[in-house]
Amino acid sequence: MAITAKMVKELREKTGAGMMDCKKALEETNGNMEDAIDYLRQTGSAQAAKKAGRIAAEGATHIAVEGNNAVLLEVNCETDFVTRNDTFKNLLVELGTHILTEKPATVEEAVSQNIAGKDQTVQKYIDSIVATIGEKIELRRFELLSKEDNAAFGTYTHMDGRIGALTVLEGTTDEAIAKDVAMHIAAVKPLYISREDVAEDEVNREKEVLKTQALNEGKPEKIVEKMVEGRLSKFFEDICLLEQDFVKDPDMKVKKFVADASATVKAFVRYEVGEGIEKREENFADEVMNQIKE
């Protein structure tokens, strides 16, 4: 039976698998759509091994909350097309549930554990989905946070999970207030909660840089120290959550917004998909040729 472009397109839409993977599956099953879907699932381990060396810098973050525990995780894939696939979305939910239930300490521990209802490890389950999706997929990282009963989780995801932020506010159970803080974290990207959290070495290094800058500008040495202290405040504003202008009300610091709710920020984590991963630049023609060579 002749395999048409329309058939390949239909199978790709049903499974999210790669173009050449879909074509091969249809050829192997004589054009039977359901058998082709099964073929893609059955070849999971081989497909995952073949794609293991690829760069997976796209993907999505996901937040799961259960009682007094919450997790922010990042799952990577090769193209943003895959993130719109229901199979990928379901994987995010299943991984969130698994991590909240089993509370692994590391990614390595997480993927080696058996996933509920699947009679296989998390890694084997991910490998089976690679067969359907047609791209490398991996659980990159996660962070578990916990809270007391008199505290609130703030959760926020942006751009379909491109950015995720999770925070814990103590002293309030108002999730709307906590969500506003999480939204600020997602937008402004602080590194620390307060200036007291910044390592002394990092502060001293910044002081030296600011001092050298002031001297190079020709400022008198007697006023350089005051200038450094002033500029150091801007340094803390850039990296410390409580020192920043609140994104929903720039006339107010986050510190005041939180204090007005009789709350304190205990912890936060922010993920942006692909940060720190070196992406390979390829055009569409190169991608097609690479798939043909496989």
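Cut-offs used in this document
Within each chain, residues carry numbers counting from 1 in the order of the written sequence. Only residues with pLDDT of 70 or above have their local features reported here, since the model is predicted, and side-chain atom pairs are shown and tallied only from 80 upward, although totals for entire chains, interfaces and linings are computed over all residues. Side-chain measures here rest on the full set of heavy atoms in the structure, leaving out hydrogens and waters. When DSSP finds two or more bridges between two strands, those strands count as paired. For the purposes of this entry, the term helix denotes a DSSP run of H or I that reaches at least four residues, the term strand denotes a run of E that reaches at least two, and both are numbered from the N terminus. Throughout, an axis means a line fitted to C-alpha atoms (over the contacting stretch in the case of helices), and angles, computed between N-to-C directions, take values from 0 to 180 degrees. We call two residues contacting when some pair of their heavy atoms lies within 4.5 Å. In this analysis the probe radius is 1.4 Å and the grid spacing 1 Å, with only protein atoms considered; a cavity is a set of points the probe fits into but cannot get out of, a pocket is an open set with protein on both sides within 12 Å along at least five of seven lines, and lining residues have an atom within 4 Å of a point. Grid points are joined across faces, edges and corners, and a volume is the space filled by probe spheres set on the points. Polar here means any residue outside two lists: the nonpolar Ala, Val, Leu, Ile, Met, Phe, Trp, Tyr, Cys and Pro, and the charged Asp, Glu, Lys and Arg; Gly therefore counts as polar. In this scheme Phe, Tyr and Trp rings, the latter by its six-membered ring, pair at centre separations within 6.5 Å, and the angle between planes marks the pair as stacked below 30 degrees, edge-to-face above 60, and tilted otherwise. Each residue is placed in one exposure class: buried if its accessible area under a 1.4 Å probe, protein chains only, is under 20% of its type's maximum, exposed if it is over 50%, and partly exposed if it falls in between. Here, over-ring charges are defined by two tests on the NZ atom of lysine or the CZ atom of arginine: distance to the ring centre within 6 Å, and angle to the ring normal within 35 degrees. Here a helix's expected span is defined as the number of its residues, less one, multiplied by 1.5 Å.

A.B. asks: What am I meant to see in the sheet that holds strand β2 (residues 69-77) here?
C.D. replies: Strand pairing in a sheet relies on backbone hydrogen bonds, with the paired strands running either antiparallel or parallel. Sheet architecture is open: three strands sit in the order β1-β2-β5, paired in antiparallel fashion. In the strand order of this sheet, the two ends are held by β1 (58-66) and β5 (138-146), each with one partner. Ignoring strand direction, the axes of neighbouring strands in this sheet form an average angle of 15°. When β2 meets β5, the two strands line up antiparallel, connected through eight bridges. Across the sheet, Leu72 pairs through a bridge with Glu143, a residue of β5. In the packing of helix α5 (residues 86-102) onto the sheet, the strands contacted are β1, β2 and β5, and the crossing angle to β2 comes to about 140°.

A.B. asks: Sorry, what's going on with the sheet that holds strand β6 (residues 151-158) here?
C.D. replies: An order of β6-β7-β10 is seen for the three strands of this open sheet, with the pairing classed as antiparallel. Across the chains shown, the open sheet's two edge strands, defined by having one partner strand only, are β6 and β10 (264-272). Neighbour-to-neighbour, the strand axes of the sheet open up by a mean angle of 10°, direction not taken into account. The pairing of strand β7 (residues 163-170) with β10 spans eight bridges and is classified as antiparallel. Looking at the pairing, Glu170 lines up with Thr264 of β10. Relative to the sheet, helix α8 (residues 175-188) contacts β6, β7 and β10, its axis offset from that of β6 by approximately 45°.

A.B. asks: Looking at this model, I keep getting lost on the layout of surface pockets. Mind explaining?
C.D. replies: In this approach the atoms are scanned with a rolling probe the size of a water molecule, which exposes any empty space left behind. Its boundaries defined by the atoms lining it, the second largest pocket holds a volume of some 340 Å³. Lining the second largest pocket we find 16 residues, and of these Ala60, Thr83, Met159, Asp160 and Gly161 sit closest to its centre. Elements that contribute at least two residues to the lining of the second largest pocket include exactly β1 and α5. With six residues, the top contributor of residues to the lining of the second largest pocket is β1. Looking at the lining of the second largest pocket residue by residue, the classes come out as four nonpolar, six polar and six charged.

A.B. asks: I'm lost on unusual backbone geometry in this one. Help?
C.D. replies: Backbone phi values are negative for most residues with the exception of glycine, while trans is the configuration of most peptide bonds. Backbone geometry places Asn30, a non-glycine residue, at a positive phi of 55°. Checked against the element boundaries, Asn30 lands in the loop between α2 (19-28) and α3 (33-42). Unlike most non-glycine residues, Asp160 shows phi in positive territory, near 55°. Position of Asp160 relative to the elements: it lies in the loop between β6 and β7.

A.B. asks: Which parts of the structure should I look at to understand the packing of aromatic side chains?
C.D. replies: Both the distance between ring centres and the angle between the ring planes are used here to describe each pair of aromatic rings. Taken as a whole and assessed by the stated rule, the structure comprises two aromatic pairs. Aromatic side chains Phe246 and Phe257 sit 4.2 Å apart centroid to centroid with 20° between the ring planes, which places their arrangement in the stacked category. One end of the pair, Phe246, is in strand β8 (residues 245-246); the other, Phe257, is in helix α11 (residues 254-260), and 11 residues separate them in sequence. Each of the two residues, Phe246 as well as Phe257, counts as buried. The ring of Tyr271 has Arg141 sitting right over it, with the charged end atom 4.0 Å from the ring centre.

A.B. asks: Where do I start with the environment of Lys207 in this structure?
C.D. replies: One can find Lys207 in helix α9 (residues 200-216). Considering only alpha carbons, one finds Lys207 and Val228, 21 residues apart in sequence, at a separation of 6.5 Å.

A.B. asks: I keep staring at the pairing of strand β9 (residues 249-253) and nothing clicks. Help me out?
C.D. replies: Regular strands show a simple pattern: their side chains alternate between the two faces of the sheet. Across two bridges, β8 lies against β9 in antiparallel orientation. Paired with Asp245 across the strands is Lys253, a residue of β9. What sits between the antiparallel neighbours β8 and β9 is a turn of two residues.

A.B. asks: Please clarify how helix α10 (residues 221-239) should be interpreted in this entry.
C.D. replies: At 3.6 residues per turn, the α-helix brings residues three or four places apart onto the same side. In this model, α10 (19 residues) spans 27 Å end to end at C-alpha, consistent with the 27 Å of a helix rising 1.5 Å per residue. All buried positions along α10 are accounted for by Val224, Met227, Val228, Leu232, Phe235, Phe236 and Ile239. Packed against the buried residues of α10 are α9.

Just distances and angles here, no functional claims.
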